[in-house]
Structure formats: structure tokens, C-alpha cells
Amino acid sequence: MTTIRHPPSAVRPVRIMGIVNVTPDSFSDGGRYFDAQAAIAHGLKLVEEGADILDIGGESTRPGAEPVEEAEERARVLPVIEALAARAGVPLSIDTRKPAVARAAVKAGAAIWNDVSALTYAPDSLETAAALDCRIVLMHAQGDPRIMQNNPRYDDVVGEVRAFLEARIEACLAAGIDRARLIVDPGIGFGKTVAHNLALIAGLDRIAGLGRPVLLGVSRKRFIAALDRDGPADARLGGSLAAALEGWRRGAAILRVHDVAATRQALAVARALFQA
Ligand SMILES: Nc1nc2ncc(COP(=O)(O)OP(=O)(O)O)nc2c(=O)[nH]1
């Protein structure tokens, strides 16, 4: 008999992070918001649908993705961040591994640096983060996007991901970054098999045990298709919602999603049911 874990205290709140990919090749919506005006309009639409945060990215990190040059990444994201900082009315996050892009994005109005490399990509990532006035997302990935799905292996995936995130928290503290600025993320789909992804969602309370807010990004990811019919990324809403709700039950504080309205509605019903 599986025990469904209830959120602690009064049905723990969760924030919805809407995804704005200003890229030509993102796995689930590549190209649709590559134009700055389209990206800005999409961000505003996600806020209208209930997004509490917008995550803006200019480089796809899907399996097999090729890196984007810094100048190109800046050109993609900065106009969008500047416009949304003025109009969206919610905190913005910059999804980048490059310190210089993060610095420019924070200057343009971003309040969060979402780094899928957990500040390991560049030698000056930690010192840049220490100097910026923003929150930091530390995400686990095993290997670079180009090769991370070739043959991911763990002895104890939850234990190893937790240990990595704990070590990154310590590295941040040693660099003078205040613990209160840190958010952790198990990196669903970043060097993980389907079984690894499921174990991480089921074991999310052990990641939350680090004492930092947990960000969970399951939206439209490949493991969903592997568990159902192997359809395209935009045919994975049901699985995205199921995984997001389970993540919330097991400790996620922020859900990074493409489908904000549906996620908002699913959470509203799930929370009402916990109080019924
Ligand atoms: N913190 C965090 N950031 C992330 N950034 C990108 C993606 C990949 O999803 P998406 O942005 O939709 O695709 P792409 O990287 O192809 O743009 N997933 C995460 C995630 O799970 N957590």
C-alpha cells in the first residue's frame, strides 16, 4: 500500500514558473517564441494564466543540444527580459550557464539565475553569483547536454543527486553566497533514465531535506512519453500534470512548466482535495 504524502502544515503553497524559451530548437516549443515580440507576448500570456515567475532561456539544454555563443544568447534573451521586467509584474529568472549572460540579465531585471550546471560551467560562475543580487537555482546534471543521455548510471540516484546539491550549497557558502538565496533542483531528464527520473520524483522529500526550496522541471519531458504512448512533446500534458502534482506532494516548492493554466487548475483541485 503506497502512502500518499500530504504536503506539511496547511497544504504547502507552490509557485508556478512559466517557461519562455527564446530558442529555435527547444525540445518542446523550439522556434515558436524565437522572435522577441512573440516571446514577450508569450511571457505576458503565462502571467495572465497564473505564472508566479517567468524563466527565460536563450540556449536549449535538451539532450544532444549544441551550445550557443554568448553574444547570440545575450541577443536572444536581453530584449525579452528588459520588456518583461517592465511589464510582467512577476520575478524573472534567467536560464543560463554563462556568468556574463547572467550578469547582463540581472542588470536588465532578472531576479533569479537558473543555472542547469549548478555554477560549475565556468571558472568565474561562483564569484559572479556572489557578486550578483539575485537568487540562484542549483540544478543537478550528469554530463553535458550533448552526451548526458548516452548511458546515465548511478548506484543510488537520489542519494547521489542529494550529495551533489549539498556539495554545491557548501561551495556557494564558501564563496560568500548566502544560503537563503539558494534553490535546488534534481534536474529531471539531465543525465537520467526513466527509472532515475521516477526515483527522483518519488524521493523528492530527501532533496527537500537539504532545507532549501526545491524546483522541479518535469514539464513535457521525454520520460512521460516512455511511460505512455510515445507522442510528441506537446502531447504530454496529462503526464506533466501527474508528475507535477506528485512532485508537489513530495516537497516541490516551484514547478517549472510550459502549461501554466492547466498546472494552476490541477494544483487548485489537488489542494482543495487535501482540505476536504
Ligand atoms: N532549473 C531547471 N532548468 C531547466 N532548464 C531547461 C530544462 C529543459 O526544458 P526546456 O527549457 O523546455 O527545453 P530546452 O532546454 O530544450 O529549451 N529543464 C530545466 C529543469 O528541469 N530545471
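These numbers were taken from a predicted model, which means no experiment stands behind them.

1. As for the overall build of the protein
Argument step 1. The helix and strand tally for the protein stands at 11 helices and eight strands.
Argument step 2. In terms of overall size, the protein behaves like a compact globule, its C-alpha atoms giving a radius of gyration of 17 Å where 276 residues would be expected to give roughly 19 Å.
Argument step 3. When its C-alpha atoms are laid out on the principal axes, the protein stretches across 55 × 40 × 40 Å.
Argument step 4. Within the protein, the fraction of its 276 residues that count as buried is 55%.
Argument step 5. Of the contacts made within the protein by residues no fewer than 6 positions apart, 72% connect residues no fewer than 24 positions apart.
Argument step 6. Total accessible area on the protein is roughly 11,700 Å²; 52% of this is exposed by carbon and sulfur atoms.
Argument step 7. The positive charge centre, built from 33 side chains, and the negative charge centre, built from 33, are 4 Å apart in the protein.

2. Structural notes on the packing of helix α3 (residues 70-87) against helix α4 (residues 99-108)
Geometry of a packed helix pair, given as the angle between the helix axes and the separation of the axes.
Argument step 1. Close contact between α3 and α4 brings their axes to 9 Å; oriented N to C, the two are set at 20°. Taken together, the axes of α3 and α4 are roughly parallel relative to one another. In terms of crossing hand, the pair formed by α3 and α4 is right-handed. Here Glu 70, Glu 73, Arg 74, Val 77, Leu 78, Ile 81, Glu 82 and Ala 85 of α3 lie close against α4, whose contacting residues are Ala 100, Val 101, Ala 104, Ala 105 and Ala 108.

3. What to know about the site of the ligand
Argument step 1. In the vicinity of the ligand there are 18 residues, among which Ser 26, Ser 60, Asp 185, Lys 221 and His 258 approach most closely.
Argument step 2. Within the contact set of the ligand, an oxygen atom lies 2.8 Å away from a side-chain nitrogen or oxygen of Arg 256.
Argument step 3. For the ligand, whose unbound accessible area comes to 480 Å², protein coverage reaches 98%.
Argument step 4. Residues that form the shell around the ligand fall into these classes: six nonpolar, seven polar and five charged.

4. Re α4
Argument step 1. Burial within α4 is extensive, with eight of its 10 residues counted as buried.
Argument step 2. Taken residue by residue, α4 has Pro 99, Ala 100, Val 101, Ala 102, Ala 104, Ala 105, Val 106 and Ala 108 as its buried positions.
Argument step 3. Turning to α4, the residues buried within the fold contact α3, β3 (92-95), β4 (112-115) and α5 (125-131).
Argument step 4. Gly 109, located one to two residues past α4, shows a positive phi value of around 125°.

5. With respect to the pattern of salt bridges
Argument step 1. With the rule as written, the count across this model stands at 16 salt bridges.
Argument step 2. A salt bridge links Lys 45 to Glu 49, with the nearest nitrogen and oxygen atoms 2.7 Å apart. Taken together, the residues span about one helical turn, with Lys 45 and Glu 49 both in helix α2 (residues 36-49) at a distance of four residues.
Argument step 3. By relative accessible area, which is 18% here, Glu 49 ends up buried.
Argument step 4. With its nearest N and O atoms 2.9 Å apart, the salt bridge here joins Arg 220 to Asp 259. Note that Arg 220 is positioned in the loop between β7 (214-216) and α9 (222-227) and Asp 259 in the loop between β8 (252-257) and α11 (260-275), a separation of 39 residues in sequence. Each member of the pair, Arg 220 as well as Asp 259, carries the same accessibility label: buried.
Argument step 5. One network of salt bridges, with partners in common, ties together Glu 59, Glu 73, Arg 97, Lys 98, Asp 144 and Arg 146.

6. Things to note about unusual backbone geometry
Argument step 1. With a phi close to 55°, Ala 118 is a non-glycine residue in the positive phi region.
Argument step 2. Relative to the assigned elements, Ala 118 resides in the loop between β4 and α5.
Argument step 3. Not every positive phi belongs to a glycine, and Arg 220 is a case in point at roughly 60°.
Argument step 4. Overall, the relative accessible area of 10% leaves Arg 220 in the buried class.

7. Notes on the pairing of strand β6 (residues 182-185)
Argument step 1. Judged by which residues are buried, β6 turns out to be covered on both faces: Leu 182 and Val 184 on one side and Ile 183 and Asp 185 on the other are all buried.
Argument step 2. Taken together, the four bridges between strand β5 (residues 135-139) and β6 define a ladder with parallel strand orientation. Within β6, the residue paired with Val 137 across the bridge is Ile 183.
Argument step 3. Where the polypeptide runs from β5 across helix α6 (residues 157-174) and back to β6, its parallel neighbour, the crossover connection is right-handed.

8. A few points about the nonpolar core
Argument step 1. Within the largest apolar cluster, 72 residues are counted, with the highest numbers of intra-cluster contacts made by Leu 54, Ile 56, Trp 113, Leu 138 and Ile 207.
Argument step 2. Excluding residues that lie within four positions of it along the chain, Ile 207 makes contacts with Val 158, Val 161, Arg 162, Leu 165, Val 184 and Val 214.

9. Thoughts on the UniProt feature "domain: Pterin-binding" (unreviewed entry) in the protein
Argument step 1. This chain's UniProt record puts "domain: Pterin-binding" (unreviewed entry) on residues 14-268.
Argument step 2. Spanning residues 14-268, this segment combines 43% helix with 15% strand, and its end C-alpha atoms are found 10 Å apart.

10. A word on the confidence of the model for the protein
Argument step 1. Residues of the protein with pLDDT of at least 70 account for 96%, and the chain-wide mean is 94.
Argument step 2. As scored by the predictor, the complex reaches a pTM of 0.95 and an ipTM of 0.96.

Cut-offs and rules
- Residues numbered from 1 in each chain as written.
- Predicted model: local features only at pLDDT ≥ 70, side-chain atom pairs only at ≥ 80, totals over all residues.
- Heavy atoms only, no water.
- Helix = DSSP H or I, 4+ residues; strand = E, 2+ residues; numbered from the N terminus.
- Rg over C-alpha atoms; globule rule 2.2 N^0.38 Å.
- Buried < 20%, exposed > 50% of the residue type's maximum accessible area, 1.4 Å probe, protein only.
- Contact = heavy atoms within 4.5 Å.
- Areas by Shrake-Rupley, 256 points an atom, 1.4 Å probe, with all protein chains shown as cover.
- Lys, Arg positive; Asp, Glu negative; His and termini not counted.
- Charge placed at Lys NZ, Arg CZ, Asp CG, Glu CD.
- Axes fitted to C-alpha atoms, helices over the stretch in contact; angles between N-to-C directions.
- Parallel < 35°, antiparallel > 145°, perpendicular 65-115°, else oblique.
- Left-handed = near helix turned anticlockwise from the far one by under 90°.
- Near = heavy atom within 4 Å.
- Polar contact = N/O pair within 3.5 Å; in protein donor to acceptor, adjacent residues only side chain to side chain.
- Nonpolar A, V, L, I, M, F, W, Y, C, P; charged D, E, K, R; others polar.
- Salt bridge = Lys/Arg side-chain N within 4 Å of Asp/Glu carboxyl O.
- Pairing = 2+ DSSP bridges.
- Right-handed = clockwise from strand over helix to strand, strands pointing away.
- Core = buried A, V, L, I, M, F, W, Y, C linked by side-chain atoms within 4.5 Å.
- UniProt positions renumbered as here; feature names shortened; annotations may be inferred.
- pLDDT = per-residue confidence, 0-100.

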